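For reference, the chains in residue letters:
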Amino acid sequence: MLPGCQWHRVYCLFTFNGIGAPRQAPGGAAERGQLAELITPDLCVIGAGLGGLAAVAEARALGASVVLVERDRPGGDSLGTGAIPSQALAAAGARASLIRSAGAFGIVADEPKVNFRRVHDSVGQVIAALGVRDAAARLEALGVQVVQGVARFTDSRTVAVGDVTIRARRFIVATGARSVVPAIPGLDGVPYFTADTIFDNTRKLTHLVIIGGGPVGLELAQSYNRLGTQVTVVEEGEPLAGIDPDLAEVALARLREEGVEILPQSRVAAIQARSQGIGVLVSSQAGETALDVSHILVAGERVPAIDLLDIEKAGIRRRKSDPRYLQLSPGLRSTNRRVYVIGDAAGGPQHGHLAAWHAGLAVRSAVLGQPVRADAGLVPTVIGTDPEIAQVGLTEAEAQKRYAGRLSVVRASYADNDRARVTRTTYGVAKLFVGPGGRILGAGVAGGGAGELVALFAYAMANGLPIGSLARFVAPHPSFAALARQLAEESARGQGVSKLQQRLASIVRLLP
C-alpha cells in the first residue's frame with residue numbers, strides 16, 4: 001500500500017518550494033501555542049480522490065484559488081481500495097491463468113506458484129507510483145494549498161480542519177464511499193475483510209467466502225480464485241444485477257468454469273467462530289448449507305462517506321427516501337447552494353471516470369457560474385472481470401421499453417472476430433441498440449477489450465453520430481475494433497437497400 005511518508009513528502013515539496021505550504025490539523029492551536037488560521041479560497045475541495053484531484057486541476061486551470069482537504073492519502077478510493085488495486089490484482093491473476101491455459105498454444109507449463117506477499121507488493125508498487133504522481137507532481141505544480149485532517153462544517157460557508165478554518169466561496173465534497181457491513185449474527189465475532197481492507201492481505205487464503213455478487217465481489221472472486229484460493233460467492237439477489245443479462249452471463253459462465261462457486265438468491269444467515277476456520281451458514285429457497293471457510297470478505301453495498309462532515313450544520317439535507325444519501329440537484333448542488341457533491345459521495349454509479357466527469361461539471365458551475373446537468377446516460381460502466389463487461393446508454397430492456405416497435409438490436413459474436421480467434425478469446429458478444437434515424441441508444445460488450453470498444457460507442461453517442469458512421473472508419477486487422485464495423489454493417493443489412501440506392505444502381509447500369 002502507499003507508504004505514509006509519501007503524503008509527508010508532498011508536504012515537504014510544497015513547503016520548500018513555497019507553494020501554498022500545507023497545514024496539518026492534528027495537535028490543536030493551543031497545544032502548539034499558535035493562533036488558529038483562517039483561509040479564504042475561491043474553492044475548497046474535500047477529498048483527494050480521483051474526483052477531488054480532477055476538480056483541483058480544473059479549478060486551477062480557470063485561475064481559482066484552491067484548498068484541498070484530505071484526511072488520509074491522495075488518490076482516494078480509486079487508488080487505495082478501488083479500480084487501481086483491483087485491476088492490479090486482476091493482472092496478477094490473469095498471468096496465473098495464462099500459465100494454466102498455455103497448453104492450448106503448444107506451450108507446456110506447470111501449475112503456477114503464487115507468492116502472495118509478492119503479489120501484494122506488486123499491487124502496492126502500482127499504488128505507490130500513482131500516489132507519488134498525484135500527490136507530489138500534480139499538486140506542487142498546480143500551486144494548491146493542502147490541509148490534512150478531517151473536514152467538518154461549522155456553518156453554511158465554513159469548514160474546520162483541526163485548528164484551520166476554511167471559509168470558501170464554494171465547496172466540493174468528493175469524499176468517496178464506504179463499505180456497509182451487514183448485520184449478520186456472529187460476523188462481529190470473527191475477523192473479516194471489506195473492499196476497503198482486502199488489499200492489505202499478504203497471505204494466500206484457503207477458502208474465501210465473499211458476501212456480495214456485484215462487480216466488486218466478482219472481480220475479487222476471480223482474482224483470488226486464479227491465485228489459488230477456493231472462492232464461494234453468496235448473493236441475495238442475482239449476480240451482476242442491473243447489467244444486461246446477456247453480458248452478465250458471459251462473465252458468470254467464465255467464473256464458474258474457472259471454479260468460482262456462485263450462490264444466487266442466497267444469504268449468509270449466521271457465522272460461527274471455530275478453533276480452526278469459520279463456519280458460515282447459507283440460506284436459500286432450497287434450504288440451508290453449512291460452509292467451512294478460512295476467511296470472509298464483505299463486498300456488498302457501498303454508501304457515501306459523509307458521516308464525519310457534520311452536514312446538518314451546513315444546511316445540507318439528506319434524501320427522505322434514504323438518509324444515507326444527500327438530496328442533490330441535477331447540477332450536483334446540495335440544498336446548500338455553496339456546496340457541490342461529486343463522485344461516489346453523490347450516491348450514483350461508483351466509477352472513477354464518473355467522478356472526474358462530475359468534477360468538471362461542478363467546477364464550471366462553481367467557478368464560472370455555468371448551468372450544468374449531470375446526465376450519466378453517456379458515462380460507460382466497466383466491470384473488470386475476465387471477460388470484461390462494458391455498457392453505455394440504455395440497456396436492451398430499457399431501449400425495448402422506450403422504443404417498442406422502433407428499435408433495432410444488432411449483435412456480433414467474438415467467435416467471428418479474427419483478433420479473438422488468434423488469442424483464443426472467442427467467448428463474448430457485442431450489442432448495439434439503434435433507434436429511429438440510426439441513432440445509437442446504447443451499447444453493451446462482454447469480451448476482450450470491452451472497455452475500449454464501448455469507449456468508441458460512447459464517443460459516437462456523445463457526438464450524435466448515427467450507426468452508419470461506424471462503417472466509415474478503417475479498423476486495424478486483426479482487432480476487436482472490427483466488431484464496431486461489423487455491427488454497423490449488420491444494421492445496414494437489416495435496413496435493406498434504400499430507394500435512392502436502387503435508383504443510383506439503375507443509372508450506373510446504363511453507363512458504359
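What this report covers is the structure whose coordinates are included nearby. (Residues numbered from 1 in each chain as written. Predicted model: local features only at pLDDT ≥ 70, side-chain atom pairs only at ≥ 80, totals over all residues. Heavy atoms only, no water.)

### Let's talk about the environment of Gly 442
Thought 1: Residue placement: Gly 442 occurs in strand 25 (residues 440–446).
Thought 2: When its relative accessible area of 0% is taken as the criterion, Gly 442 is described as buried.
Thought 3: Sequence separation between Gly 442 and Leu 394 is 48 residues, and the spatial gap between their C-alpha atoms is 4.6 Å.
Thought 4: Those residues within four positions of Gly 442 in sequence are excluded, and the remaining contacts are Val 392, Gly 393, Leu 394, Lys 431, Leu 432, Phe 433 and Met 461. (Helix = DSSP H or I, 4+ residues; strand = E, 2+ residues; numbered from the N terminus. Buried < 20%, exposed > 50% of the residue type's maximum accessible area, 1.4 Å probe, protein only. Contact = heavy atoms within 4.5 Å.)

### A short note on the pattern of salt bridges
Thought 1: Under the defined criterion, the tally for this structure stands at 19 salt bridges.
Thought 2: Arg 178 is the salt-bridge partner of Asp 307, the closest N and O atoms lying 3.2 Å from each other. Taken together, the positions of Asp 307 in the loop between strand 19 (302–304) and strand 20 (339–341) and Arg 178 in strand 10 (residues 177–179) put the pair 129 residues apart, joining distant regions of the chain.
Thought 3: In the salt-bridge network here, residues are joined through shared partners; they are Asp 244, Asp 246, Glu 396, Arg 411 and Lys 431. (Salt bridge = Lys/Arg side-chain N within 4 Å of Asp/Glu carboxyl O.)

### Here's the deal with helix 9 (residues 352–368)
Residues spaced three or four apart along an α-helix point in a common direction, a consequence of the helix completing one turn every 3.6 residues.
Thought 1: Here helix 9 spans 24 Å end to end across 17 residues, near enough to the 24 Å set by a 1.5 Å rise per residue.
Thought 2: Every buried residue of helix 9 is accounted for by Leu 354, Ala 355, His 358, Ala 359, Gly 360, Leu 361, Ala 362, Val 363, Ser 365 and Ala 366.
Thought 3: Lining the buried residues of helix 9 we find strand 3 (43–46), helix 3 (50–61), strand 9 (170–173) and strand 20.
Thought 4: Following helix 9 by one or two positions, Gly 369 adopts a phi angle in the positive range, close to 75 degrees. (Expected span 1.5 Å × (residues − 1).)

### Brief notes about the side chain of Ser 365
Thought 1: When you line up the elements, Ser 365 lands in helix 9.
Thought 2: Ser 365 gets classed as buried once you look at its relative accessible area, which sits at 11%.
Thought 3: Among all residues touching Ser 365, those that are not within four sequence positions of it are Tyr 340, Gln 370 and Val 372.

### Observations concerning the sheet that holds strand 24 (residues 429–434)
Thought 1: Spatially, the five strands line up as an open sheet ordered 21-22-25-24-23, and their pairing is antiparallel. Of all strands in the sheet, those with a lone pairing partner are strand 21 (381–383) and strand 23 (408–413), marking the two edges. In this sheet, neighbouring strand axes are inclined to one another by 10 degrees on average, regardless of whether the strands run parallel or antiparallel.
Thought 2: Of the pairings in the sheet, the one linking strand 23 to strand 24 comprises six bridges and is antiparallel in character. Bridge pairing in strand 24 places Ser 408 opposite Val 434.
Thought 3: In the packing of helix 12 (residues 450–462) onto the sheet, the strands contacted are strand 21, strand 22 (389–393), strand 24 and strand 25, and the crossing angle to strand 22 comes to about 10 degrees. (Pairing = 2+ DSSP bridges. Axes fitted to C-alpha atoms, helices over the stretch in contact; angles between N-to-C directions.)

### Some remarks on helix 7 (residues 215–226)
Thought 1: Given a rise of 1.5 Å per residue, twelve residues ought to cover 16 Å, and the 17 Å separating the end C-alpha atoms of helix 7 matches this to within 8%.
Thought 2: Where burial is concerned, most of helix 7 is hidden: ten out of the twelve residues are buried.
Thought 3: Those residues of helix 7 that fall on the buried side of the exposure criterion are Gly 217, Leu 218, Glu 219, Leu 220, Ala 221, Gln 222, Ser 223, Tyr 224, Asn 225 and Arg 226.
Thought 4: At the exit of helix 7 stands Gly 228, carrying a positive phi of roughly 105 degrees.

### Side note on the packing of aromatic side chains
Thought 1: This structure, assessed with the given rule, holds three aromatic pairs.
Thought 2: Seen from their ring centres, Phe 116 and Tyr 224 are 5.2 Å apart, and the 25 degrees between their planes marks the pair as stacked. Placement of the pair is Phe 116 in helix 6 (residues 116–142) and Tyr 224 in helix 7, with a sequence separation of 108 residues. Considered together, Phe 116 and Tyr 224 belong to a single accessibility category, that of buried residues.
Thought 3: With centroids separated by 5.5 Å and ring planes inclined at 45 degrees, the aromatic side chains of Tyr 414 and Phe 480 adopt a geometry described as tilted. With Tyr 414 in the loop between strand 23 and helix 11 (418–422) and Phe 480 in the loop between helix 12 and helix 13 (482–495), the pair connects residues that are 66 residues apart, well separated along the chain.
Thought 4: Here Phe 480 falls in the buried class, since its relative accessible area comes to 13%.
Thought 5: Over the face of the ring belonging to Phe 105 we find Arg 424, whose NZ or CZ atom lies 5.4 Å from the ring centre. (Phe/Tyr/Trp six-rings, centres within 6.5 Å; stacked < 30°, edge-to-face > 60°. Lys NZ or Arg CZ within 6 Å of the ring centre and 35° of its normal.)

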